[in-house]
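# Report on the structure
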Amino acid sequence: QVQLGESGGGLVQAGGSLRLSCTASGRSFSSYAMGWFRLAPGKEREFVARIRGSGGMTYYADSVKGRFTIFRDNAKNTVYLQMNSLKHEDTAVYYCAASQGLHGLQTAYNEYDYWGQGTRVTVSS
């Protein structure tokens, strides 16, 4: 069992930056691929970014590529999402998720086994 807790959300002006953190409880954190998803009002849950357990392979949604960076510190059981050049359309609740899978793009929510409670990001225009 893995429990995930996000932090770092808040209110920021367009063009600004935020760093989200997600800390996992339990063992074997490095064996999980970690993903970030977001849910905006009136929209479906959207994949944002994913990183493999070793931290060597990342994948991003086109909407955030070049602006967001996902990275992890396995010694701290933590995955991060650095968000730069934020836009109003990035406003959403951001969730981290853990996947036991080892293959595929892992961009679908049903590929993930554990989810955090979410942290709200609001970008003012």
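The sections below set out a description of the structure shown in this document. (Residues numbered from 1 in each chain as written. Predicted model: local features only at pLDDT ≥ 70, side-chain atom pairs only at ≥ 80, totals over all residues. Heavy atoms only, no water.)

## Section: the environment of S17
Mapped onto the elements, S17 comes out in the loop between β2 (10-13) and β3 (18-24). For S17 and M83, which are 66 residues apart along the polypeptide, the C-alpha to C-alpha distance reads 5.4 Å. In this view, S17 contacts V12, Q82, M83, N84, S85 and L86; residues no more than four positions away in its chain are not counted. Of the polar contacts made by the side chain of S17, one reaches the side chain of N84; its length is 2.9 Å. (Helix = DSSP H or I, 4+ residues; strand = E, 2+ residues; numbered from the N terminus. Contact = heavy atoms within 4.5 Å. Polar contact = N/O pair within 3.5 Å; in protein donor to acceptor, adjacent residues only side chain to side chain.)

## Considering the sheet that holds β3
Strand order in the open sheet made by the 4 strands is β1-β3-β8-β7, with antiparallel pairing throughout. Pairing within the sheet leaves two strands with one partner each, and these edge strands are β1 (4-7) and β7 (68-73). Strand-to-strand twist in this sheet, taken as the mean axis angle between neighbours without regard to direction, amounts to 15°. With 6 bridges connecting them, β7 and strand β8 (residues 78-83) associate as antiparallel partners. (Pairing = 2+ DSSP bridges. Axes fitted to C-alpha atoms, helices over the stretch in contact; angles between N-to-C directions.)

## Re the packing of aromatic side chains
Counted according to the given criterion, the structure contains 7 aromatic pairs. Geometrically, the ring pair formed by F37 and Y112 is edge-to-face, given 5.2 Å between the ring centres and 80° between the ring planes. Placement of F37 in strand β4 (residues 33-39) and of Y112 in the loop between β9 (92-99) and β10 (114-115) is noted, with a sequence separation of 75 residues between them. When the ring of F71 is compared with that of Y80, the centres are 4.9 Å apart and the planes differ by 20°; the resulting orientation is stacked. The partly exposed category is assigned to F71, whose relative accessible area is 29%. Joined through ring pairs, the aromatic side chains of F37, F47, Y59, Y112 and W115 make up one cluster. In this structure, R45 packs its charged tip against the face of Y109, placed 4.4 Å from the ring centre. Taking the ring centre of F29 as reference, the NZ or CZ of R72 above it sits at 4.4 Å. (Phe/Tyr/Trp six-rings, centres within 6.5 Å; stacked < 30°, edge-to-face > 60°. Buried < 20%, exposed > 50% of the residue type's maximum accessible area, 1.4 Å probe, protein only. Lys NZ or Arg CZ within 6 Å of the ring centre and 35° of its normal.)

## Description of unusual backbone geometry
At N77, a residue that is not glycine, the phi angle is positive and equals roughly 55°. Its location among the elements puts N77 in the loop between β7 and β8. Although it is not a glycine, Q106 sits at a positive phi angle of roughly 55°.

## Digging into the pattern of salt bridges
Should the charged atoms of two oppositely charged side chains come close, the side chains can pair. Under the counting rule described, the total for this entry stands at 4 salt bridges. The shortest N-O distance in the salt bridge between D90 and R38 comes to 2.9 Å. With D90 in the loop between β8 and β9 and R38 in strand β4, this pair connects stretches of sequence that are 52 residues apart. What makes D90 buried here is its relative accessible area of 1%. (Salt bridge = Lys/Arg side-chain N within 4 Å of Asp/Glu carboxyl O.)

## Overview of the side chain of T119
Here T119 is to be found in strand β11 (residues 119-124). Of the polar contacts made by the side chain of T119, one reaches the backbone nitrogen of G9; its length is 3.1 Å. When neighbours within four sequence positions are excluded, T119 is seen to be in contact with E6, S7, G8, G9, L20, A92, V93 and Y94.

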